[in-house]
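The lines below spell out each chain.
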Amino acid sequence: MRSMCFASSSSKTASSCCGRRQKLTHNAMVAHRTRSYSHASAFRDCTTTSTCRRFSSSNFHRGGNGDIIDHPGNRQNFLKVSSSSTRDLKIKSAWGDDVQFFPCTFVKKPRKVTAKGDLYALSIGGGHLDEMMEKFSTPGQYVQMKISPSDKPAFIAVANGPKMAKKTNSFEFLVKRPSEGYADKDTGEVLQSTAQKVCDLDSEEASVLVSAPMGKGFRLPEDEIGDVLCFAAGSGISPVKSFLEEEGFTHNGETYVFYGTRDAAHTAFAEELKTTMGGRAKIVNAYSADGNGYAQDYFKRMIDSGELKLKDPKKAIAVLCGQKEMTEQTIEMLENAGVPRERILMNF
C-alpha cells in the first residue's frame, strides 16, 4: 500500500513516494527519471538529474520569440514559452498532462516559523493569481514550485483553504527545508534542492515559478458526516489546516486534530490551529519526545480509554497526511474503531 501526502517535507515524519519511471526516447538523449513525491506533504524535490540539457535558464529569461520548444521524450521536458516577456513567462512541463508554471511574487517571503527544526512559511501572489485560483477548489490540493525553469519542481500542499486564499488573494505554504542537498548522478556534485533554494530566498522582490493547484484534495462523502478526525505529522499539517480553515462541510459531531511533532519547539501553526473553526476543533499535540508515541498512538489510547467516543463510527470521516507507516497504522486503528475505509481521506 502506498501512502502519498503532499505537504512540504523530507523529514522522517514525512511521507515520500516514488512514482513510475519513464524512458526518454529522444534520439539525442536517453535517460531515466524517477518521479518523486513527499509530504511533510511532504516536500521532496524531483532531484534526479535527467533533464533537457539543450534548454538553459538563460534561454527562457531572454524569452525568445514565443515559439513552442518541443522535446518528444518525457513530457516533463516538454517546454513552451508563451511570452517574450520574463514577467509573463509561462512554461509548460509535466509527466502526462502539461503543467503550466506562472511567475509569482512573495506576499510574505520565506521565514522560519518554529523555534527548532527547519519549517518555513511563505505566501505568494502575482499577476496570474486569478487564473491559478480557478483551479483551487478543494482543500488538500498541491502545487509544483521551482525557482528557474531548469530546476526540478518541488511538490507542496497549499496551507490555506480556497475561501481564505481568495479572500487574501494569496496562496500560503509551509516548507520543510532539507538539511542536505542531493548528489548529481553524473558528476557527484552536491547541489541544492528546490526546497532549499525556496527557503533561502530572502527578498520580497524574489520570484518563483508555481503551477496552479492540482490533485484531488480531500474529497468529502456526499452523505451525512458525524465526527471529524484529522491526523498530521510535521509539515503534513498544511493540507489539514487548509481543510479545517475551509469549513466546507456540515457535520454532527466533534472535530479532533491529532498533530504529531517532536515537541512544541518543532510545531508550526500552533496558534492558528487554536482558532480554526472558531476554536471548536480539539487539538491533540502528540509530542514524540515525550515518549508517549505518535499521533495514531494518542488516538488509540483515547479510544481504548473511552476518552474519545465516536457518535456513529460509520458516519465519521478521517483526514490523513503523514508517512507510510503512520498512515497504515492509523487506517488500521480507524477501521478497528468502526470507521469505513472509504471515509478515510488522503489528498493523493
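Just above sits the structure.
Residues numbered from 1 in each chain as written. Predicted model: local features only at pLDDT ≥ 70, side-chain atom pairs only at ≥ 80, totals over all residues. Heavy atoms only, no water.

Describing the pairing of strand β8 (residues 142-146)
Summarising burial for β8: five of the five residues are buried, a large majority. Covered by surrounding structure in β8 are Tyr 142, Gln 144 and Lys 146 together with Val 143 and Met 145, the residues of both alternating faces. By the bridge criterion, four bridges tie β8 to strand β9 (residues 154-157) in an arrangement that is antiparallel. Its bridge partner being in β9, Met 145 is matched across the sheet by Ala 154. Relative to strand β13 (residues 207-211), β8 runs antiparallel, the two sharing two bridges. Within β13, the residue paired with Lys 146 across the bridge is Leu 209. (Buried < 20%, exposed > 50% of the residue type's maximum accessible area, 1.4 Å probe, protein only. Helix = DSSP H or I, 4+ residues; strand = E, 2+ residues; numbered from the N terminus. Pairing = 2+ DSSP bridges.)

Details of the sheet that holds strand β18 (residues 344-346)
Across the sheet, which stays open at both edges, the five strands sit in the order β16-β15-β14-β17-β18 with parallel pairing between neighbours. The open sheet has two free edges, formed respectively by β16 (282-287) and β18, since each of these has just one partner strand. Adjacent strand axes in the sheet meet at a mean angle of 20 degrees, parallel and antiparallel pairs treated alike. (Axes fitted to C-alpha atoms, helices over the stretch in contact; angles between N-to-C directions.)

Brief notes about unusual backbone geometry
Non-glycine residue Asn 169 carries a positive phi angle of around 55 degrees. At Phe 269, a position not held by glycine, the phi torsion is positive, near 60 degrees. Following the sequence through the fold, Phe 269 ends up in the loop between β15 (255-261) and α6 (270-275). The buried category is assigned to Phe 269, whose relative accessible area is 7%.

Let's talk about the pattern of salt bridges
Two side chains that carry opposite charge are able to pair once their charged atoms sit near each other. Summed over the entire model, instances satisfying the criterion amount to 12 salt bridges. The salt bridge involving Asp 186 is made with Lys 185; its shortest N-O contact spans 3.6 Å. With respect to class, Asp 186 is no different from Lys 185; both count as exposed. Notably, a salt bridge pairs Arg 343 with Asp 223, separated by 2.8 Å at the nearest N-O pair. One end of the pair, Arg 343, is in the loop between α8 (324-336) and β18; the other, Asp 223, is in the loop between β13 and β14 (228-233), with 120 residues separating them in the sequence. What makes Asp 223 partly exposed here is its relative accessible area of 48%. Taken together, the shared-partner salt bridges connect Glu 172, Lys 241 and Glu 245 into one network. (Salt bridge = Lys/Arg side-chain N within 4 Å of Asp/Glu carboxyl O.)

Considerations on the environment of Gly 215
Tracing the chain through its elements places Gly 215 in the loop between β13 and β14. In the structure, Gly 215 is positioned 58 residues away from Ala 157 in sequence and 9.7 Å away in space, judged by C-alpha atoms. Among residues more than four places away in sequence, those in contact with Gly 215 are Gln 141 and Tyr 142. (Contact = heavy atoms within 4.5 Å.)

Section: the packing of aromatic side chains
Counting across every chain of the model gives eight aromatic pairs. Measuring from centroid to centroid gives 6.0 Å for Phe 218 and Phe 243, while their planes differ by 80 degrees, and the two rings are edge-to-face. On the criterion of sequence distance, the pair formed by Phe 218 in the loop between β13 and β14 and Phe 243 in helix α5 (residues 237-246) is long-range, its members being 25 residues apart. A relative accessible area of 2% means that Phe 218 is categorised as buried. The class of Phe 243 is buried, set by a relative accessible area of 3%. Taken together, a centroid distance of 5.1 Å and an interplanar angle of 10 degrees make the contact between Phe 231 and Phe 258 stacked. Linking Phe 231 in strand β14 with Phe 258 in strand β15, this pair joins segments that are 27 residues apart in sequence. No difference in accessibility class separates Phe 231 from Phe 258, as the two residues are buried. (Phe/Tyr/Trp six-rings, centres within 6.5 Å; stacked < 30°, edge-to-face > 60°.)

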